[in-house]
Amino acid sequence: MRVLGLESSCDETACAIVESAQQAVESAQHNGAPVITDDSTGLRVLADVISSQIQTHARFGGVVPEIASRHHLINLIPVLDEAFATSGLGLESIDAIAVTKGPGLIGALLVALQAGKAIAFVRDIPLIGVHHLEGHLLATFLRNPEAPSPVPPFPHLGLLVSGGHTSLILVEGFGRYRTLGATRDDAAGEAFDKVGKMLGLGYPAGPAIDRLAQDGDPTSVTLPRPMLGPKGGLDFSFSGLKTAMADHLKRNGPPADPQALASLCASFQTAVVEQLVRKTLLALQQRRVGALVLSGGVACNRGLRAALAAMCLERGLSFYVAPPRWCTDNAAMIACAGYHRLRAGERSDLTLNASATLPL
């Protein structure tokens, strides 16, 4: 089965084509290439195109929904054309359509959703609406030809960290998810961007803070590590940490030199990472699962990746994280999630609509 994935939930217009292991075998046999019969490396990605609007929204310090929607309208057809050109396939080779149905910016979501419905109608092929967060959770099931690795076992714990979400999710199987804890206020990625704005680092600030933190002293500034709820609670909170950073800057002013800025970034990042690691370890111990999957845009953060990898290594746990390209918003993860729902017999009809808020 070949699935065309479409994603436009925020400020990336994305299109991807993935195929099942059996389709990959048939393609390889036809082309005389070595046959891959082991599907433990996940779905094969034939095309993965992303058009980002970061530069467009940077001047505003964040995503402007109406501008994002208009750019999706402009970018979608060129992105589709590039995906088909990259894969060497035509629309007649696609067996099903997977498209993000939510959550996200409603106007942005509708662009890819309407396009997906139109293609499914014209081709008379199955359509499936995909939850954006499910896509993130399943990104490690995509085959990375540059670094092939086994896919995570079930059950496993998913730590999903992005600009809009910070959650601990027990993944019992494809389509079977149980949220164990979530942020009560700001998401971790949102805290990175807001603190970065205070520091004048532009938008998005997460990568800049991560880069600067590599050369800083994480003990230079004392910042809070909020642990909400009764003992054993798995919720997160980052608003107090953001306020503490604002208070520090109000008292001391902006960092006077590059080293002071690097150390302040390192102190902030360490406070975020420590809370994420401590809560994740607690969830792993409570649920007694032996595998952890890190996903979402903040999964690109080197400090977080290293801390979680070290924690898992120390305790004999398996750790999985997708390549950075598949951690941020992309259509390959949507096609992957859609493939597994289609394989389970699920279908959406042409009344499918977008939803800005959508429980997993």
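Further up the page is the structure itself.
In this convention, every chain numbers its residues from 1, walking through the sequence in written order. With the structure being a predicted model, the display of local features is reserved for residues of pLDDT at least 70 and the display and counting of side-chain atom pairs for 80 or more, all residues being used for whole-chain, interface and lining totals. To obtain the side-chain values, all non-hydrogen atoms of the structure were included, while hydrogens and water were left out.

## A few points about the sheet that holds strand 8 (residues 176–182)
Then, number 1: Strand pairing is defined by DSSP finding a minimum of two bridges between the two strands. Only DSSP runs of H or I with at least four residues qualify as helices, and only runs of E with at least two residues qualify as strands; both kinds are numbered from the N terminus onward. Strand order in the open sheet made by the five strands is 8-7-6-9-10, with mixed pairing throughout. Among the strands making up the open sheet, the edge pair consists of strand 8 and strand 10 (318–321). The mean angle between the axes of side-by-side strands here comes to 25°, regardless of whether they run parallel or antiparallel.
Then, number 2: Pairing geometry for strand 7 (residues 166–173) and strand 8, over six bridges, is antiparallel. Each bridged residue has a counterpart across the sheet, and for G173 the counterpart in strand 8 is R176.
Then, number 3: Together, strand 6 (156–161), strand 7, strand 8 and strand 9 (291–295) form the strand contacts of helix 9 (residues 258–287), whose direction differs from that of strand 6 by roughly 160°. Each axis is a line fitted through C-alpha atoms, and for a helix only the stretch in contact is used; angles between axes span 0 to 180 degrees, taken between their N-to-C directions. Here, residues are in contact when the closest pair of their heavy atoms is within 4.5 Å.

## Remarks on the packing of aromatic side chains
Then, number 1: A pair of aromatic rings is counted whenever rings of Phe, Tyr or Trp (Trp by its six-membered ring) have centres within 6.5 Å, and the orientation is called stacked for planes under 30 degrees apart, edge-to-face for over 60 and tilted otherwise. Evaluation of the coordinates by the stated rule reveals five aromatic pairs.
Then, number 2: Here the aromatic rings of F141 and F154 are separated by 5.7 Å at their centres, their planes lie at 15°, and the arrangement is stacked. Here F141, found in the loop between helix 5 (132–137) and strand 6, pairs with F154, found in the loop between helix 5 and strand 6; they are 13 residues apart in sequence, far enough to count as distant.
Then, number 3: When its relative accessible area of 5% is taken as the criterion, F141 is described as buried.
Then, number 4: With relative accessibility at 32%, the residue F154 sits in the partly exposed group.
Then, number 5: Centroid distance F154 to F174: 5.0 Å. Interplanar angle 80°. Geometry classified as edge-to-face. Here the residue F154 occupies a position in the loop between helix 5 and strand 6, and F174 occupies one in the loop between strand 7 and strand 8, the gap between them amounting to 20 residues.
Then, number 6: An aromatic cluster is built from F141, F154 and F174, whose rings are joined through pairwise contacts. Each residue gets one of three labels from its accessible area relative to the maximum for its type: buried under 20%, exposed over 50%, partly exposed in between, using a 1.4 Å probe on protein chains only.

## As for the sheet that holds strand 2 (residues 12–19)
Then, number 1: The strand order across the open sheet built from five strands is 3-2-1-4-5, with neighbouring strands paired in mixed fashion. Looking at which strands have only one partner, the edges of the open sheet turn out to be strand 3 (44–52) and strand 5 (127–131). Geometrically, the sheet is characterised by an average inter-axis angle of 20° between neighbouring strands, direction not taken into account.
Then, number 2: Running over the sheet, helix 3 (residues 65–87) touches strand 1 (2–7), strand 2 and strand 3 and is turned about 25° from strand 2.

## What to know about helix 11 (residues 332–343)
Then, number 1: Taking 1.5 Å of rise per residue, 12 residues should cover 16 Å, and helix 11 covers 16 Å from first to last C-alpha, within 8% of that figure.
Then, number 2: In terms of residue burial, helix 11 counts as a mostly covered element, since 11 of its 12 residues are buried.
Then, number 3: Of the residues trailing helix 11, G345 is marked for its positive phi of about 95°. One fewer than the residue count of a helix, multiplied by 1.5 Å, yields its expected span.

## Some thoughts on the nonpolar core
Then, number 1: By size, the foremost hydrophobic cluster in this structure holds 75 residues, and its most contacted members are L159 and F268.
Then, number 2: A per-element tally of this core places helix 9 first, with 13 residues. What makes a nonpolar core is a set of buried Ala, Val, Leu, Ile, Met, Phe, Trp, Tyr and Cys residues whose side-chain atoms join them at distances within 4.5 Å.

## A short note on the pairing of strand 6
Remember that side chains alternate between the two faces of the sheet whenever the strand is regular.
Then, number 1: Extensive coverage of strand 6 is indicated by the burial of six of its six residues.
Then, number 2: Going residue by residue along strand 6, you find H156, G158 and L160 tucked away on one face and L157, L159 and V161 tucked away on the opposite face as well.
Then, number 3: Alignment of strand 6 against strand 7, held across six bridges, turns out to be antiparallel. Of the residues in strand 7, the one forming a bridge with V161 is T166.
Then, number 4: A loop of four residues connects strand 6 with strand 7, the two strands running antiparallel in sequence.
Then, number 5: Where strand 6 and strand 9 come together, four bridges link them in parallel fashion. Within strand 9, the residue paired with L159 across the bridge is L294.

## Focus on the pattern of salt bridges
Think of it this way: side chains of opposite charge can pair up when their charged atoms draw near.
Then, number 1: Should a side-chain nitrogen of Lys or Arg be within 4 Å of a carboxyl oxygen of Asp or Glu, the pair is scored as a salt bridge. In total, this model carries 15 salt bridges according to the counting rule given.
Then, number 2: Put simply, R225 and E274 hold a salt bridge, and the shortest N to O gap is 3.2 Å. Taken as a pair, R225 in the loop between helix 7 (206–213) and helix 8 (239–252) and E274 in helix 9 lie far apart in primary sequence, 49 residues in all.
Then, number 3: By relative accessible area, which is 29% here, E274 ends up partly exposed.
Then, number 4: Of the charged contacts, one joins E274 and R278 as a salt bridge, the two residues approaching to 3.5 Å between their closest N and O atoms.

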